Amino acid sequence: LGLLGTALAQIQTPHVLLVKVDGVINPVKERLIERAIQRAESDESNLLIIELDTPGGLLDSTRKIVESMLETNVTTVVYVSPRGAQAGSAGTFITAAANFAVMAPASNIGAATPVSGAGEDLPDTLANKATNDAAALIRSIAQARGRNADKLKETVREATSFTATEAVDLNVVDFVAEDI
């Protein structure tokens with residue numbers, strides 16, 4: 001019974017999975033996050049923390065990451081870290097999609113207006129379509145997670161960015177944390 005009790009205690013011990021995502025959001029980062037979510041689900045993790053520092057990335061990869069985050073039963077945290085880190089563009093969507101959106105001091109979030117793969121402005125019709133679609137996505141995420149849809153929409157329509165403190169005050173993220 002002693003060994004069985006120890007085994008049961010180990011099985012029932014709460015645990016957290018941590019994944020660091022640094023750099024441009026692309027299919028490689030998409031697979032990294034999706035594998036982390038799958039592992040957290042199969043390991044019955046209590047929490048998945050995504051430590052994020054990104055200038056942005058591909059909208060297709062961002063959408064797939066957001067879908068996975070919204071569909072999982074594992075509680076997710078996005079922690080924009082370290083100090084000076086950013087959840088730019090694609091990172092804004094990913095952070096907003098977490099159950100808990102957390103930022104390190106001196107980090108920022110926003111500037112989520114769609115641009116071309118080379119970072120250039122899109123032609124007018126394509127820009128309108130992409131911006132409207134991205135604005136609808138960020139509003140949907142905000143509604144699902146109880147965040148400020150208007151301010152998040154501003155990150156898409158007006159390329160607005162917020163400091164960590166501003167983001168908390170505006171209900172774009174949940175809180176600022178000194179460390180993990």
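It should be emphasised that the depicted structure is a prediction, and the values quoted were computed from it without experimental measurement.

Q: Before we go on, may I ask you to explain the pairing of strand 2 (residues 47–53) in this structure?
A: With 5 of its 7 residues buried, strand 2 lies for the most part within the structure. As judged from the 7 bridges shared by strand 1 (residues 16–22) and strand 2, these two strands associate in the parallel manner. Directly across from Asp 22, in strand 2, lies its bridge partner Asp 53. The parallel pair strand 1 and strand 2 is bridged by helix 2 (residues 27–42), and the resulting crossover is right-handed. Of the strand pairs in this sheet, strand 2 and strand 3 (residues 75–80) are connected by 6 bridges, and their pairing is parallel. Following the sheet pairing, Leu 52 is matched in strand 3 by Val 80. Assessed by its sense of winding, the connection that carries the chain from strand 2 through helix 3 (residues 59–71) to strand 3 is right-handed.

Q: Mind showing me how you'd approach the nonpolar core here?
A: Formed by 43 residues in total, the largest nonpolar core has its most connected members in Leu 48, Ile 50, Met 69, Val 78, Phe 93 and Ile 109. Ranked by residues supplied to this core, first place goes to helix 5 (residues 124–145) with 6 residues. Non-local contacts of Leu 48, meaning those with residues more than four positions away in its chain, are made with Leu 17, Val 19, Ala 36, Ile 37, Ala 40, Val 74, Thr 75, Thr 76 and Val 77. Membership of the second largest hydrophobic core comes to 6 residues, among which are Ile 49, Val 77, Val 102 and Ala 104.

Q: Please clarify how the sheet that holds strand 4 (residues 86–88) should be interpreted in this entry.
A: Backbone hydrogen bonds hold the strands of a sheet together, and the pairing may be parallel or antiparallel. With respect to topology, 3 strands assemble into an open sheet ordered 4-6-7, the strand pairing being mixed. In this open sheet, the two strands that pair with only one neighbour each are strand 4 and strand 7 (161–163). Ignoring which end each strand starts from, the neighbouring axes of this sheet average 15° apart. Examined bridge by bridge, strand 4 and strand 6 (residues 108–110) share 3 bridges and lie parallel to one another. Residue pairing in the sheet places Gln 86 in a bridge with Asn 108 of strand 6. Helix 4 (residues 90–97) rests against strand 4 and strand 6 of the sheet, and its axis sits at about 105° to strand 4.

Q: When you look at the sheet that holds strand 5 (residues 100–103) in this model, what are you seeing that I'm missing?
A: As summarised here, the arrangement of the 5 strands in space is 1-2-3-5-8, forming an open sheet in which the pairing is parallel. Because the sheet does not close on itself, it has two edges, and the strands there are strand 1 and strand 8 (175–176). By the bridge criterion, 2 bridges tie strand 5 to strand 8 in an arrangement that is parallel. The partner of Met 103 across the bridge, within strand 8, is Val 176. Running over the sheet, helix 4 touches strand 2, strand 3 and strand 5 and is turned about 140° from strand 3.

Q: Sorry if this is basic, but what is going on with the packing of helix 3 against helix 4 here?
A: Two packed helices can be described by the angle between their axes and the distance between those axes. Running from amino to carboxyl end, helix 3 crosses helix 4 at an angle of 5°, the nearest separation of the two axes being 9 Å. Between helix 3 and helix 4, the angle falls in the class roughly parallel. Counting all contacts with helix 3, which are made through Thr 62, Ile 65, Val 66, Met 69 and Leu 70, the residues of helix 4 involved are Ala 90, Phe 93, Ile 94 and Ala 97. Across the contact of helix 3 with helix 4, the residue classes break down as 8 nonpolar, 1 polar and no charged.

Q: Teacher, can you tell me more about the side chain of Ser 61 here?
A: Note that Ser 61 resides in helix 3. On the basis of relative accessibility, which here comes to 2%, the residue Ser 61 falls in the buried class. Looking at Ser 61, its side chain comes within polar contact range of the side chain of Glu 30, at 3.1 Å.

Analysis parameters
All residue numbers refer to position in the chain's written sequence, counted from 1. For this predicted model, a pLDDT threshold of at least 70 governs which residues receive local features, and a threshold of 80 or more governs which side-chain atom pairs are given and counted, while totals over whole chains, interfaces and linings are taken from all residues. For the side-chain quantities, the full set of heavy atoms in the structure was used; hydrogens and water were omitted. A simple rule labels every residue: compare its accessible area, found with a 1.4 Å probe on the protein chains alone, to the largest value its type can have, and call it buried under 20%, exposed over 50%, or partly exposed in between. The numbering of helices and of strands both runs from the N terminus, where a helix is a DSSP run of H or I of at least 4 residues and a strand a run of E of at least 2. Paired strands, in this sense, are two strands between which DSSP finds at least two bridges. Looking down the strands as they point away from you, a crossover is right-handed if its path from the first strand over the helix to the second goes clockwise. Each nonpolar core is a collection of buried residues, namely Ala, Val, Leu, Ile, Met, Phe, Trp, Tyr and Cys, held together in the definition by side-chain atoms within 4.5 Å. Residues are treated as being in contact if the distance between any of their heavy atoms lies within 4.5 Å. Here an angle of 0 to 180 degrees is reported between the N-to-C directions of two axes, which are lines fitted to C-alpha atoms, with helices fitted over the stretch in contact. Any angle that is under 35 degrees is reported as roughly parallel, and any over 145 degrees as roughly antiparallel; angles of 65 to 115 degrees are reported as roughly perpendicular and all others as oblique. Residues were grouped as follows: Ala, Val, Leu, Ile, Met, Phe, Trp, Tyr, Cys and Pro as nonpolar; Asp, Glu, Lys and Arg as charged; and all remaining residues, including Gly, as polar. Polar contact criterion, stated in full: a pair of N or O atoms within 3.5 Å, where within protein one must be able to donate a hydrogen and the other to accept it, and residues adjacent in sequence count only if both atoms are side-chain atoms.

Keep in mind these numbers describe shape, not what the thing actually does.
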